[in-house]
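# Report on the structure
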Number of protein chains: 2
Amino acid sequence: MTYETKARSLVKTISWRILATLTTMALVYIFIGDMTIALSVGGIEVFLKMLVYFLHERAWDKIKFGKKEVKPAVIWLTGLVRSGKSAIAEEIVKQLHNKGLKAEHLDGHTVRNLFPETGHTRDEVNEHIKRVGYLASKLEEQGVFVVASFVSPFKESREFVRKICNNYQEVYVNTPIETCENRDESGLYNKAKQGLVLNLPGVNINYEEPVEPVIKIDNSKETNKELAFKVVKMFSNNLS
Amino acid sequence: MTYETKARSLVKTISWRILATLTTMALVYIFIGDMTIALSVGGIEVFLKMLVYFLHERAWDKIKFGKKEVKPAVIWLTGLVRSGKSAIAEEIVKQLHNKGLKAEHLDGHTVRNLFPETGHTRDEVNEHIKRVGYLASKLEEQGVFVVASFVSPFKESREFVRKICNNYQEVYVNTPIETCENRDESGLYNKAKQGLVLNLPGVNINYEEPVEPVIKIDNSKETNKELAFKVVKMFSNNLS
């Protein structure tokens, strides 16, 4: 998205006024100082200035000065399985779109086409997250907000993503593990406890908590809409 | 990039004129019909209208009506090794940027981070091209021109990319193979002929020529700048 700076509008205002006043002065000069005629000048001016204004607008549409791109962010949601990351992320994307911003949601499901996740070992997960991070950085570079929702349990790959993005913002979805377990209709947590599923963060392997997330959220206490609003607010304070 | 439609500028012109004329009429009413005073009204008007115009501009910056996004394209350069794809692609990206458009160059080197190319068999190459195509489609979806330069010798994966992109445009870089061989300082063509390198399109495996490319270019006859200009022209005729 682009928006116009106040400097742009100010310069445009001055350039318009100079044009408009010169137009009026030229007309008055042609009609030579008769004030009753000045009224008809006004009448003509209404239409003539509309034409001039329109051409002025078209000319300004070609000028880049003062047209600024909104600085996007990579909003990275990390948290346990079933903590609610994807649903919150979807809500964040929706709210960003409502503000007229460009936003893309990346999560396990949407990026599966791009890089089929081959496994869940530490190395494989790190590799996967790094590739997603690369995609995120490419989108961010082009002015797109990225909302990524991945368990991303390891500090190593999260820090890698932070480094390659310009404006990485870590959101820790720290819904209590008991809530995540209760929500888990697929029985993943039970299977992990029985050793039937390996590498489940919080059960068989450690989930490395974010050290300094920009915000911690928990959707067992607030609605996704409320949480998304909080997150979006943090990144839109500096917008126009 | 965004640009403004003529409809937007027209509506803006009318709304401004209504505002400006109402302002003048209100002033003249306050000063009551004395025409010599009308001149000083004009003097005041210059400054007052500047303020009104400025606020009017700021208000319009919040209005989405008539602000359109340029429709991007995925410009896909296919051709033999050393046909000059990357250099032409770089030149295309440069010219798109000069027009104020967003553009990203994807080629073997830039996407290596994202998906390390594991091999050069038919299946592996097809897989690789499909992933690149997915990345291209994501960028295109967000309003970014993508210029991709890959040998991409197989119709299957090129057609896959065509399908997932909204505006896929195939550019066939058909520099004669003799020229490609002469340029090849790494000796890849010689090695392939001796059987030391496998799967080199045009030597050990077939390069499947594009059936109906939007344009065929050959940089043994024209400069990259000239070729890029031709390609860019095809996609910018419909711009503003």
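In what follows, the structure referred to is the one given above.
Let us look at the structure shown here.

Parameters at a glance
- Residues numbered from 1 in each chain as written.
- Chains lettered and ligands numbered in written order.
- Predicted model: local features only at pLDDT ≥ 70, side-chain atom pairs only at ≥ 80, totals over all residues.
- Heavy atoms only, no water.
- Helix = DSSP H or I, 4+ residues; strand = E, 2+ residues; numbered from the N terminus.
- Buried < 20%, exposed > 50% of the residue type's maximum accessible area, 1.4 Å probe, protein only.
- Contact = heavy atoms within 4.5 Å.
- Areas by Shrake-Rupley, 256 points an atom, 1.4 Å probe, with all protein chains shown as cover.
- Core = buried A, V, L, I, M, F, W, Y, C linked by side-chain atoms within 4.5 Å.
- Pairing = 2+ DSSP bridges.
- Axes fitted to C-alpha atoms, helices over the stretch in contact; angles between N-to-C directions.
- Expected span 1.5 Å × (residues − 1).
- Salt bridge = Lys/Arg side-chain N within 4 Å of Asp/Glu carboxyl O.
- Polar contact = N/O pair within 3.5 Å; in protein donor to acceptor, adjacent residues only side chain to side chain.
- Parallel < 35°, antiparallel > 145°, perpendicular 65-115°, else oblique.
- Left-handed = near helix turned anticlockwise from the far one by under 90°.
- Nonpolar A, V, L, I, M, F, W, Y, C, P; charged D, E, K, R; others polar.
- Patch = residues over 30% accessible without salt bridge, like charges linked within 9 Å, V, L, I, M, F, W, Y side chains within 5 Å.

## Thoughts on the overall build of chain A
On a plain count of helices and strands, chain A comes out with eight helices and seven strands. Counting only residues that meet the buried cut, chain A has 48% of its 240 residues in that class. Within chain A, residue pairs in contact and separated by at least 24 positions form 77% of the contacts whose partners lie at least 6 positions apart. As displayed, chain A offers around 11,900 Å² of accessible surface, 58% of which is attributable to carbon and sulfur atoms.

## Here's the deal with the nonpolar core
Side chains that are nonpolar tend, in soluble globular proteins, to be buried together. Counting 36 residues, the largest nonpolar core has W76, L106 and F150 of chain A together with W76, L106 and F150 of chain B as the members making the most contacts within it. Those elements that place two or more of their residues in this core are β3 (74-78), α4 (122-141) and β5 (145-149) of chain A together with β3 (74-79), α4 (122-141) and β5 (145-149) of chain B. What L106 of chain B contacts, discounting residues up to four positions off in sequence, is V111, V132, L135, A136, V146, V147, A148, S149 and F150 of chain B.

## Here we look at the sheet that holds strand β6 (residues 168-173) of chain A
All names here are of chain A. The five strands are arranged β4-β5-β3-β6-β7 in an open sheet whose pairing can be described as parallel. Strands at the two margins of the open sheet, each flanked by one partner only, are β4 (103-107) and β7 (215-217). The average angle at which neighbouring strand axes cross in this sheet is 20°, direction not considered. Bridging between β3 and β5 involves four bridges; their strand directions are parallel. Each bridged residue has a counterpart across the sheet, and for W76 the counterpart in β5 is A148.

## Points about helix α3 (residues 85-98) of chain A
All names here are of chain A. The end-to-end C-alpha distance of α3 is 20 Å, a good match for the 20 Å that 14 residues give at a rise of 1.5 Å each. Burial in α3 covers these residues: K85, I88, A89, E91, I92, V93, Q95 and L96. G100 sits one or two residues past α3 and shows a positive phi near 80°.

## A closer look at the pattern of salt bridges
All names here are of chain A. Under the counting rule described, the total for this entry stands at 22 salt bridges over all chains. A salt bridge links E159 to R162; the shortest N-O distance between them is 2.9 Å. Residue E159 and its partner R162 are both found in helix α5 (residues 155-164); the two are separated by three residues, about one turn of the helix. Judged by its relative accessible area of 31%, R162 is partly exposed. Through salt bridges with shared partners, a single ionic network connects R158, E159, R162 and E170.

## Some words on the environment of Y207 of chain B
Residue and element names in this part refer to chain B. If you trace the backbone, Y207 turns up in the loop between α7 (188-193) and β7 (215-217). Taking C-alpha positions, Y207 is 8.7 Å from V151, a pair spaced 56 residues apart along the chain. Once residues lying within four places of it in the same chain are set aside, the contact partners of Y207 are T78, G79, L80, V151, S152, P153, R158, Y172, P201 and G202. At 3.4 Å, the side chain of Y207 forms a polar contact with the backbone nitrogen of G79.

## Brief notes about the packing of α4 of chain A against α5 of chain A
Residues and elements named next belong to chain A. It is at 9 Å that the axes of α4 and α5 come closest, and there the two elements cross at 15°. In terms of orientation, α4 and α5 fall into the roughly parallel class. Crossing hand, α4 versus α5: right-handed. Contacts from N126, I129, K130, G133, Y134 and S137 of α4 reach α5 at E156, S157, F160, V161 and I164. The residue makeup of the contact of α4 with α5, split by class, is five nonpolar, four polar and two charged.

## Here we look at a nonpolar patch on the surface
There is a patch of nonpolar side chains on the surface, built from L10, V11, I14, I18, L22, I63 and F65 of chain A and spanning about 620 Å² of accessible area. Locating I18 of chain A in the fold gives a position in helix α1 (residues 6-31).

## Focus on the sheet that holds strand β4 (residues 103-107) of chain B
Residues and elements named next belong to chain B. With parallel pairing, five strands are arranged side by side in an open sheet as β4-β5-β3-β6-β7. Two strands close off the open sheet at either side, each with one partner strand: β4 and β7. Averaged over neighbouring strand pairs, the angle between their axes works out to 20° when direction is ignored. Inspection of the sheet shows β3 paired to strand β6 (residues 168-173) by six bridges, in the parallel sense. Counterpart to W76 in the pairing with β6 is E170. Sheet strands touched by helix α3 (residues 85-98): β3, β4, β5, β6 and β7. Its angle to β4, the strand with the most contacts, is close to 170°.

## Some thoughts on the side chain of R8 of chain A
Residues and elements named next belong to chain A. Turning to its location among the elements, R8 is positioned in helix α1. There is a polar contact of 3.1 Å between the side chain of R8 and the backbone oxygen of W60. Once you skip the residues sitting within four places of it in the chain, R8 turns out to touch W60, I63, K64, F65, G66 and K67.

## Details of the pairing of β5 of chain B
Strand residues, when the strand is regular, have side chains that alternate between the two faces of the sheet. Residues and elements named next belong to chain B. Burial within β5 is extensive, with five of its five residues counted as buried. Of the two faces of β5, the one lined by F145, V147 and S149 and the one lined by V146 and A148 are each fully buried. When β4 meets β5, the two strands line up parallel, connected through five bridges. Across the sheet, residue A103 finds its bridge partner in β5, namely F145.

## Observations regarding the pairing of β4 of chain B
Of all the five residues making up β4 of chain B, five are buried; the element is thus mostly covered by neighbouring parts of the structure. Neither face of β4 of chain B is exposed, since A103, H105 and D107 of chain B on one face and E104 and L106 of chain B on the opposite face are all buried.

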